[in-house]
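# Overview (structure and organization)
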Amino acid sequence: MRFRSALTSLVLAIILTAAWMAGALSAESLPFHPALLDAARAPRTARIVRQVALTYAPQMSEKDREIDFIQKIALAKRLLGVGRLVGLRHETLNLLAPGQGVSWEDVRRRRWPGGDPVGVTLEVPVWVPARARRLKTYCGFEKKWQAVALGTPRPSGYVWFVGTMREVNDKAHYRPATIQVEVNSKFAPLAGLLMEYIFREGWYDNSRRVPLLSLRMGEDTYAVSAAASGPITVECLTFPDRDGASLAATVAQCTYASLAEIYHGGHAPQSNHRLGLAIDFNDSNYRGVVDGTPNPISPAIRQYNRSAMHKLDARQLPAWVFTAASWMGCRIPQSWTYPGSNTDWEHVDVGTK
Ligand SMILES: [Zn+2]
């Protein structure tokens, strides 16, 4: 009996060691690095994206991860020849004739003097809820998003959809996935780095998982196809007032004609999105609720309480994401006011001045 139990322990020890090694190996071998979809068309950019990939070492502390991120930002900026990020806005505008209207559909087809196209598609690692569903997005130069939703002019990446608040906040069951988004090739290595940093935090620490279900960067007007679904009922948070500090959110059931009503948007001519130099995180439209989350543009004081908002709805970015974006030199929502005393909470960009 004694011998058999020792043997059982030995076998168990071997199995556990093998399982641990498999886990350790997969952590290093999984391709959780940003990459360009059109690498052959933009070889210079694709190389820089690869060169600045973050490190996944065993047991990296939060401090080690910050240092790695900050070093890779410096490396990316050196390889790109970028100083202040707003320089990218001026450089991109310089590709256009003076007084010409600005459209991503035009800008993305142009080339940098080095040869790479301005518009590239970036694929980045993201956390998504277990049952999240992938929806293709389309974009075009249209005045109304409905024209994109009904006409589906040109595919431009995708978003992840999940319909209940329980799933949104079920961090323990998130799974790693990827998302694709169009962006300016001179911004792509930096945007990819920020997304990978957000992903990597969740890799090391479950509590720091932030689901990135929609990323909007370079575009004029976009939408999910209106044919992607019929009428749909989803959960959304709603608050007692439009601009106060109350966190007394309740869950509302909202019905929309199609998923295109939730996933659509358009950017003003002066927006950095038209140059591929801005990022919207988890942008969505839940009409019919009060300051419903995630709410990209809001006058509410509660929105400054980022950790509370993130706890209520994990799609709300916690404060550390904005800190990371500011380390990169991005303009963050806390540093400017969107028209009408609103703050555009899901938006970071290269600035305008
Ligand atoms: Zn934006």
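Use the structure listed above.
Report follows, based on the coordinates. Small disclaimer: the values here were computed from a predicted structure and weren't measured. (Residues numbered from 1 in each chain as written. Predicted model: local features only at pLDDT ≥ 70, side-chain atom pairs only at ≥ 80, totals over all residues.)

## Focus: the sheet that holds strand E1 (residues 35-36)
Note: strands within a sheet are paired through backbone hydrogen bonds, in either parallel or antiparallel orientation. Put simply, the rule is: Any two strands with at least two DSSP bridges between them are considered paired. Numbering of helices and strands starts at the N terminus; helices are DSSP runs of H or I of at least 4 residues and strands are runs of E of at least 2.
Ordered in space as E1-E2-E5, the three strands form an open sheet in which the pairing is antiparallel. Two strands bound the open sheet, and with one partner strand each, they are E1 and strand E5 (175-184). Summarising the sheet, E1 and strand E2 (residues 119-128) pair through two bridges and their orientation is antiparallel. Considered in E2, the bridge of Leu36 is made with Leu122.

## Overview of the sheet that holds strand E7 (residues 221-224)
What counts here: To obtain each axis, a line is fitted to C-alpha atoms, and for helices this fit is confined to the stretch in contact; angles are then taken between N-to-C directions over 0 to 180 degrees.
If you walk across this open sheet you meet the four strands as E4-E3-E7-E10, and the pairing is antiparallel. Here the strands that pair on one side only, and so sit at the sheet edges, are strand E4 (155-161) and strand E10 (264-266). Pairs of neighbouring strands in the sheet enclose a mean axial angle of 25 degrees, with direction left out of account. Sheet analysis places strand E3 (residues 133-140) next to E4, joined by five bridges and oriented antiparallel. Within the sheet, the bridge partner assigned to Leu135 lies in E4 and is Val159.

## Topic: the environment of Gly244
For the record, the criterion: Once C-beta atoms are placed from the backbone, any two residues with those atoms within 7 Å are in contact.
With respect to the helices and strands, Gly244 occurs in the loop between strand E8 (232-238) and strand E9 (250-256). With 56 residues separating them along the chain, Gly244 and Ala300 place their C-alpha atoms 5.3 Å apart. Each residue touching Gly244, except ones within four places of it in the same chain, is listed here: Ala300, Ile301 and Arg302.

## A look at the nonpolar core
Our working definition: Buried Ala, Val, Leu, Ile, Met, Phe, Trp, Tyr and Cys residues form a nonpolar core when they are connected through C-beta atoms within 7 Å. Think of it as a crowd count around each C-beta: if 20 or more other C-beta atoms lie within 10 Å the residue is buried, if 12 or fewer it is exposed, and in between it is partly exposed, with C-beta placed from the backbone throughout.
With 82 residues, the main nonpolar core has Ala191, Leu194, Leu212 and Ala223 as its most contacted residues. Per element, the largest residue contribution to this core is 10 residues, and it comes from helix H8 (residues 188-204). If near-sequence neighbours (up to four positions away) are discounted, Ala223 is found in contact with Thr137, Tyr138, Trp145, Val148, Ala149, Ala260, Tyr263 and His264.

## Regarding the packing of helix H3 (residues 62-80) against H8
As a reminder, the rule being used: The labels follow the angle: roughly parallel below 35 degrees, roughly antiparallel above 145, roughly perpendicular from 65 to 115, and oblique for the rest. Take the far helix as your reference; a near helix turned counterclockwise from it by less than a right angle gives a left-handed crossing, and one turned clockwise gives a right-handed crossing. Residues are grouped as follows: Ala, Val, Leu, Ile, Met, Phe, Trp, Tyr, Cys and Pro are nonpolar; Asp, Glu, Lys and Arg are charged; every other residue, Gly included, is polar.
In contact at an axis separation of 10 Å, H3 and H8 are set at 165 degrees when each is read in the N-to-C sense. If you check the angle between H3 and H8, you find them roughly antiparallel. Judged by the twist between their axes, the crossing of H3 over H8 is right-handed. Together, Arg65, Phe69, Lys72, Ile73, Ala76 and Leu80 of H3 and Pro189, Leu190, Leu193, Tyr197, Arg200 and Tyr204 of H8 make up the contact between the two elements. Split by residue class, the contact of H3 with H8 holds nine nonpolar, no polar and three charged.

Shape descriptors only; they carry no functional weight alone.
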